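Observations on the three-dimensional arrangement
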Amino acid sequence: MASLTPISQSHSFLKRPNLKFPPPPHFSSSFILKNFSYSKALSFKLPRMVTRSVVVSATTAEKPGKRYPGEAKGFVEEMRFVAMKLHTRDQAKEGEKEVKQPEERTVKVWEPTVDGYLKFLVDSKLVYDTLEGIIDKAAFPSYAEFRNTGLERSEKLAIDLQWFKEQGYTIPEPSSPGVTYAEYLKELSEKDPQAFICHFYNIYFAHSAGGRMIGKKVAEKILDNKELEFYKWDGDLSQLLQNVRDKLNRVAESWTREEKNHCLEETEKSFKHSGDILRLILS
């Protein structure tokens, strides 16, 4: 769009032969469009106008601020966008992550072990115990929004571990990946709510998507297709997830842009900790 140019009260019409100009418009502003006919050689002298000229840039007035990917749909979509970019192309069509470490490569031959899977379940339970305990205590009022969402996994995992015990398996103690992540979550939750919410989102939503696929593969390989309680939800999962999305978006509405960016920046750490626990399946 054209910019707007101020006209001083001291200007007068320029005389051009055989040209007729319309009378000046009756408004209190002193703007004309640059692409108005003859505007480069034309100005208006308006009666009773103040002598101060006002400069307005159409570019400044109308150009929207920087939009972050997914921002128009709510902050959860921003988190999803960042999370998907951290996948490799093998993992997701939106993935952009370059594989730099051997452990980041997609597993070509999926050979889980019961012992490794038990380590994964035990460490996962520690993380969910920690998350759900933090939400219940609610060191920050916003945490209380996420009580009893229906996504909680701690009790479900307890049932599964009891089942393995009844089959004669020894349940291991939590290992380093789970202990490290649980301690990190506790630390974040007490001083950095935006970063904590990033982990909350990625842990629960990743389990409802890729986590379910992994659970199915493991069941096919070593559990005779038994579906664990870890992969079952009471109620419609899609609606439970939508309810939590709505809550996350409402909480983020009170955040500054800097706080939102800080939350997004925590995504990579969330992936690293969760990935360390996931790799236990193949140990």
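Moving on to the overall build of the chain. A count of helices and strands for the chain gives nine helices and two strands. For the chain, the sequential pattern of α-helices and β-strands runs β-β-α-α-α-α-α-α-α-α-α. Taken over 283 residues, the chain has a buried fraction of 37%. Accessible area of the chain: about 17300 Å², with a carbon and sulfur share of 52%.

What follows deals with the packing of aromatic side chains. The tally for this structure, following the rule as stated, stands at 14 aromatic pairs. Taken together, a centroid distance of 5.6 Å and an interplanar angle of 75° make the contact between Phe 75 and Trp 255 edge-to-face. Of this pair, Phe 75 sits in helix H2 (residues 75-85) while Trp 255 is found in the loop between helix H7 (237-252) and helix H8 (257-265), placing the two residues 180 residues apart along the sequence. Given a relative accessible area of 5%, Phe 75 falls into the buried group. Of the residues examined, Trp 255 reaches a relative accessible area of 11% and is grouped as buried. Three or more aromatic residues link up through ring pairs in this structure, and these residues are Tyr 117, Phe 120, Tyr 128, Phe 146, Trp 163, Phe 164, Tyr 169, Phe 200, Tyr 204, Phe 230 and Tyr 231. Above the plane of the ring of Trp 110 lies Lys 217, whose end atom (NZ or CZ) is 5.8 Å from the centre.

Counting residues in hydrophobic clusters, the biggest one holds 56 residues, and the most contacted among them are Tyr 117, Phe 120, Leu 121, Leu 151, Phe 196 and Leu 248. A total of 12 residues in this core trace back to one element, the largest contributor, which is helix H6 (residues 193-222). Discounting residues that sit within four places of it in the chain, Leu 151 has contacts with Tyr 204, Phe 205, Trp 233, Leu 237, Leu 240, Leu 241 and Val 244.

Averaged over all residues, the pLDDT of the chain equals 81, while 70% of them reach at least 70. Every residue in residues 1-22 is under pLDDT 50, and counting partners more than four places away or in other chains gives 47 contacts. Low confidence marks residues 24-63, where pLDDT is under 50. Its contacts with residues over four positions away, or in another chain, come to 63 contacts.

Attention now moves to the side chain of Thr 149. Secondary-structure assignment places Thr 149 in the loop between helix H3 (114-137) and helix H4 (154-166). Classification of Thr 149 as buried rests on a relative accessible area of 11%. Here the side chain of Thr 149 touches Leu 151 through a polar contact of 3.1 Å, landing on its backbone nitrogen. Among residues more than four places away in sequence, those in contact with Thr 149 are Leu 240 and Val 244.

With that settled, consider the packing of H2 against H8. Interhelical geometry of H2 versus H8 gives an angle of 35° and a closest axis separation of 10 Å. Pair H2 / H8 crosses with right-handed handedness. Seen from H2, the contacting residues are Phe 75, Glu 78, Met 79 and Val 82; seen from H8, they are Arg 257, Lys 260, Cys 263 and Leu 264. Partitioning the contact of H2 with H8 into residue classes produces five nonpolar, no polar and three charged.

Turning our eyes to something else, we now look at helix H5 (residues 176-191). In a regular helix each residue adds 1.5 Å, so 16 residues correspond to 22 Å; H5 covers 23 Å between its end C-alpha atoms and thus fits that length. Residues of H5 that are buried include every one of Gly 178, Tyr 181, Ala 182, Tyr 184, Leu 185, Leu 188 and Ser 189, and no others. The arc enclosing the buried residues of H5, seen along the axis, measures out at 165°, which places them on a common side. The outward face of H5, more than 90 degrees from its buried face, is lined by the exposed residues Ser 176, Glu 190 and Lys 191.

Glancing now at the environment of Glu 266. Tracing the sequence through the fold places Glu 266 in the loop between H8 and helix H9 (267-278). Exposure remark for Glu 266: the relative accessible area of 5% places this residue in the buried category. Look past the residues within four positions of Glu 266 in its chain and what remains in contact with it is Tyr 184, Leu 188, Ala 195, Cys 198 and His 199.

Turning our eyes to something else, we now look at the state of the cysteines. What we call a disulfide is simply a covalent bond connecting the sulfur atoms of a pair of cysteines. A full pass over the atoms with the stated rule returns zero disulfides. Cys 263 forms no disulfide, and the closest cysteine sulfur to it belongs to Cys 198, at a distance of 4.7 Å. Assessed through its relative accessible area of 0%, Cys 263 is described here as buried.

Within the structure shown, the criterion is met by 12 salt bridges. With a closest N to O distance of 3.9 Å, Lys 156 and Glu 229 form a salt bridge. Taken together, the residues span a long stretch of sequence, with Lys 156 in helix H4 and Glu 229 in the loop between H6 and H7 at a distance of 73 residues. On the accessibility criterion, Lys 156 (14% relative accessible area) is buried. A relative accessible area of 22% places Glu 229 in the partly exposed class. Its salt-bridge partner being Lys 232, residue Glu 229 comes within 3.1 Å of it at the nearest N-O pair. Judged by its relative accessible area of 29%, Lys 232 falls in the partly exposed class.

Procedures and definitions
- Residues numbered from 1 in each chain as written.
- Predicted model: local features only at pLDDT ≥ 70, side-chain atom pairs only at ≥ 80, totals over all residues.
- Heavy atoms only, no water.
- Helix = DSSP H or I, 4+ residues; strand = E, 2+ residues; numbered from the N terminus.
- Buried < 20%, exposed > 50% of the residue type's maximum accessible area, 1.4 Å probe, protein only.
- Areas by Shrake-Rupley, 256 points an atom, 1.4 Å probe, with all protein chains shown as cover.
- Phe/Tyr/Trp six-rings, centres within 6.5 Å; stacked < 30°, edge-to-face > 60°.
- Lys NZ or Arg CZ within 6 Å of the ring centre and 35° of its normal.
- Core = buried A, V, L, I, M, F, W, Y, C linked by side-chain atoms within 4.5 Å.
- Contact = heavy atoms within 4.5 Å.
- pLDDT = per-residue confidence, 0-100.
- Polar contact = N/O pair within 3.5 Å; in protein donor to acceptor, adjacent residues only side chain to side chain.
- Axes fitted to C-alpha atoms, helices over the stretch in contact; angles between N-to-C directions.
- Left-handed = near helix turned anticlockwise from the far one by under 90°.
- Nonpolar A, V, L, I, M, F, W, Y, C, P; charged D, E, K, R; others polar.
- Expected span 1.5 Å × (residues − 1).
- Arc of directions from axis to C-beta.
- Disulfide = S-S within 2.5 Å.
- Salt bridge = Lys/Arg side-chain N within 4 Å of Asp/Glu carboxyl O.

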